[in-house]
Amino acid sequence: MGMASPKTYTNPVYSYQHSPDQDSVTAVHHPVIIVGAGPAGLSAALDLALQGIVSVVLDDNNTVSIGSRAICFSKRTLEICDRFGCAAPMLDKGITWNLGKVFNGDRLIYEFNLLPEQHHKMPAFINLQQYYFEEYMVERAEQFSEIDLRWLHKVTQVQTDDNLAQIEVETQDGKYRMTCDYLLVADGANSPIRAQLGLESSGQVFEDRFLIADVVMQSELPTQRRFWFNPTFHAGQSTLLHRQADNVWRIDFQLGWDANPEEENKPEKILPRIQKMLGEDVEFELEWSSVYTFRCRMMESFIHHRVYFIGDAAHQVSPFGARGANGGIQGVENLTWKLAKVLKKEAPEDLVKTYDVERQQGAKENVLNSSRATDFMTPKNKTSKVFRNEVLNLAEAYPFARSLVNSGRLSVPCVYDGSPLNTEDTDDFPTKIRPGSPAIDAAITSADGKQWLLECLGGRFVAMICVKESNRLSMERLRQQITELMREAEEIDVLLVNATASGEDMLKEGCREISDTKNLIEQRYDLKPGNVYLFRPDQHVCGRWRSFSAGNVIGAMRRALGYELEVR
Amino acid sequence: MGNLNLKPNFSDPDSFYAALTELHRDLDPDQSERINARIILLLANHIGDQDVLLEAMRIATESPE
């Protein structure tokens, strides 16, 4: 139901290119084919390329997102994009905000400040139009020879069994066929491939409609998120105002279930609505608009033989809480390293199936969070509405009630608690970070110029070992264990924390080292001398110990690689 | 399972009951519903413990009509 094309943004046009695959008499085989060049599909291609895995990306269009759609990109997403090498332009272009204001009627009832914890490379989130986000990903993807990006190649048929996926692709030069070991399907919330395979994504539809309008205005308004429940300019409903790049402002108007979507998306209906909200003297231009009904749904399994569903095709959420694109990219990150390990024959095939285990958990969490926010905005019956309104009425005077006001929570990544890939704690550690958690960033210093812990993690397994101020005897033991680890497990990088301070140069052979100059790693990980954390290639913790032994670390790596999985 | 106190705990049960009913005496059902919602929210926050709150909800739902 999109309309008016953007005024501040000109969609790039990517040209169709004829592939030699189209001239082959037999179907050409590829290890990985990705359908859809949106945030999820491009993330998959980028992450695989970083692992040295070649992929073909097919998109039925020749440009990025038409209109903005997703606008909130979370810290974890930016950290992942930084690993891909495309976070810098996103941060440059994106808008960072910290202050949120909540109104009940026209009264400001409270403000909240999302000032993030200090000493992280990435902000808590940025606001950026989806088309910019995708454009920067495409630019990055074009730098990789491993990525064969084909615009205007539309997949029309998919067949799969346990060994192979086979597809038919339609282009201006006619049809052609290809086969692959893994087909990653990122063809969006209404996934035609999902439908063609007779698979379902099920969940709930929220009986409400929302008008999403992006407007351009030169505004003196500060960069804040403002949320109104029942304002006089839009009585009985809620409204959200958010700033994006290029003086584009996102406005979400709740319309109610009875609203007529076609009527509501007409400029003659939209423009007065916005004017009434912004005030009669404010000049603005409508950039893009759409009327949505939100739904939260997910597939029962994201894996169908050799077809792997990712992004909105696998799971869809309502936008409050920014769990859509963010959840999609986090899901992709979970899949790609496993796929790379399996394709390189460095892990059993079952490893890749744990994508479904871990990301079902992630998707359920995302569905839960965005459903709760949507339910708060659209109470399901009279009593729910009374509770909602009284929470708002109490919130102005009483801080306790503010904790219940839910206009979308900060998007946070899933902790894979209970994952079969985790080695659970046997030693006493704080649980804020734990096996299954994504790594927490910290400012560090290192001889090779790295300034952030996350720049030292990812892509490979990393054992982070603190060697500070150990006595000679324990140093000797540590050295033995590190030597053994490096000899027995080539796939693990050793990252020494504070080795320099103890002057143990011998330890450094083949190891990387960083200095925890601000004691942030110590605080955030409770990492003490002799302690070790093992990180997976997706930067999630898979094991940790107070006393470092090579055997424990190698055992945990093997578990994280799927060697201990029960045969299904 | 929480540990919701189901033994008598009011400092002055008759006065509490009188105050509660007095509160609603001149209110219409809509006003009463709003006031009750506020009371529930205030007390729920005071209790805080999710297990205790869930146990109260369970008992309230399962009790005979």
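Residues numbered from 1 in each chain as written. Chains lettered and ligands numbered in written order. Predicted model: local features only at pLDDT ≥ 70, side-chain atom pairs only at ≥ 80, totals over all residues. Heavy atoms only, no water.

### Regarding the overall build of chain A
- Within chain A, the secondary structure is distributed over 15 helices and 25 strands.
- In chain A, which comprises 568 residues, the share counted as buried stands at 58%.
- Put simply, of all contacts in chain A between residues at least 6 apart along the chain, 73% involve residues at least 24 apart.
- About 23,200 Å² of surface is accessible on chain A, with carbon and sulfur atoms providing 47% of the total.
- Separation between the mean location of the 62 positive side-chain charges and that of the 78 negative ones in chain A comes to 4 Å. (Helix = DSSP H or I, 4+ residues; strand = E, 2+ residues; numbered from the N terminus. Buried < 20%, exposed > 50% of the residue type's maximum accessible area, 1.4 Å probe, protein only. Contact = heavy atoms within 4.5 Å. Areas by Shrake-Rupley, 256 points an atom, 1.4 Å probe, with all protein chains shown as cover. Lys, Arg positive; Asp, Glu negative; His and termini not counted. Charge placed at Lys NZ, Arg CZ, Asp CG, Glu CD.)

### Structural notes on the packing of helix α10 (residues 382–395) of chain A against helix α2 (residues 29–47) of chain B
- Between α10(A) and α2(B), the shortest axis-to-axis distance is 9 Å and the interhelical angle comes to 60°. It follows that α10(A) is oblique to α2(B) by the angle criterion. Pair α10(A) / α2(B) crosses with right-handed handedness. Two secondary-structure elements touch here, α10(A) through A:Lys382, A:Thr383, A:Val386, A:Phe387, A:Glu390, A:Val391, A:Asn393 and A:Leu394 and α2(B) through B:Asp30, B:Glu33, B:Arg34, B:Ala37, B:Arg38, B:Ile40 and B:Leu41.
- Classifying every residue of the contact of α10(A) with α2(B) gives seven nonpolar, two polar and six charged. (Axes fitted to C-alpha atoms, helices over the stretch in contact; angles between N-to-C directions. Parallel < 35°, antiparallel > 145°, perpendicular 65-115°, else oblique. Left-handed = near helix turned anticlockwise from the far one by under 90°. Nonpolar A, V, L, I, M, F, W, Y, C, P; charged D, E, K, R; others polar.)

### Observations regarding the interface of chain A and chain B
- Contacts between the two partners involve ten residues from chain A and, on the opposite side, nine residues from chain B.
- Carbon and sulfur atoms supply 71% of the area buried between chain A and chain B, which totals about 960 Å² over both sides.
- Across the chain A-chain B interface, the total number found is three salt bridges.
- A:Lys382 serves as the salt-bridge partner of B:Glu33, at 2.5 Å between the closest nitrogen and oxygen.
- Scanning the region where chain A abuts chain B turns up four residue pairs in polar contact (both at pLDDT 80 or more).
- Considering each element in turn, the side of chain A that touches chain B owes the most residues, eight residues, to α10(A). (Buried area = accessible area lost by both parts, 1.4 Å probe. Salt bridge = Lys/Arg side-chain N within 4 Å of Asp/Glu carboxyl O. Polar contact = N/O pair within 3.5 Å; in protein donor to acceptor, adjacent residues only side chain to side chain.)

### Notes on the pairing of strand β12 (residues 210–216) of chain A
All names here are of chain A.
- Within β12, seven of the seven residues are buried, leaving the element largely enclosed by the surrounding structure.
- In terms of strand pairing, β12 meets strand β16 (residues 285–292) through seven bridges, oriented antiparallel. Bridge pairing links Val-216 to Glu-285 in β16. (Pairing = 2+ DSSP bridges.)

### Thoughts on the packing of aromatic side chains
All names here are of chain A.
- Applying the stated criterion across every chain, the model contains 25 aromatic pairs over all chains.
- Here the aromatic rings of Tyr-9 and Tyr-132 are separated by 4.9 Å at their centres, their planes lie at 75°, and the arrangement is edge-to-face. Note that Tyr-9 is positioned in the segment before β1 (28–35) and Tyr-132 in helix α4 (residues 130–141), a separation of 123 residues in sequence.
- Judged by relative accessible area, Tyr-9 falls into the buried class, the value being 5%.
- Site record: aromatic cluster; members linked through ring pairs are Tyr-9, Tyr-131, Tyr-132 and Tyr-136.
- Cation over ring: Arg-306 sits above Tyr-182, and NZ or CZ is 4.8 Å from the ring centre. (Phe/Tyr/Trp six-rings, centres within 6.5 Å; stacked < 30°, edge-to-face > 60°. Lys NZ or Arg CZ within 6 Å of the ring centre and 35° of its normal.)

### Side note on unusual backbone geometry
All names here are of chain A.
- One non-glycine residue, Asn-247, lies in the positive phi region at around 60°.
- By relative accessible area, Asn-247 is classed as partly exposed at 22%.
- For Ala-322, which is not a glycine, the phi torsion comes out positive at approximately 50°.
- Mapped onto the secondary structure, Ala-322 falls in the loop between β20 (315–316) and α8 (324–343).
- Taking the relative accessible area as the measure of exposure, Ala-322 reaches 18% and is therefore buried.

### As for a nonpolar patch on the surface
All names here are of chain B.
- Taken together, the side chains of Phe-10, Phe-16 and Tyr-17 present a nonpolar region at the surface, about 360 Å² in accessible area.
- Residue placement: Tyr-17 occurs in helix α1 (residues 13–24).
- Among the residues examined, Tyr-17 registers a relative accessible area of 56% and is labelled exposed. (Patch = residues over 30% accessible without salt bridge, like charges linked within 9 Å, V, L, I, M, F, W, Y side chains within 5 Å.)

### Overview of the sheet that holds strand β5 (residues 107–113) of chain A
All names here are of chain A.
- Spatially, seven strands are ordered β5-β4-β13-β14-β15-β12-β16 in an open sheet, and the strand pairing comes out mixed. Sheet topology places β5 and β16 at the edges, where each strand pairs with a single neighbour. With strand direction ignored, the average angle separating the axes of adjacent strands in the sheet is 15°.
- Lying on the sheet, helix α7 (residues 267–278) is in contact with β12, β13 (224–229), β14 (238–243), β15 (248–254) and β16; it crosses β15 at an angle near 105°.
- Those strands touched by α10 are β4 (99–104), β5 and β13, and its axis lies near 80° from that of β5.

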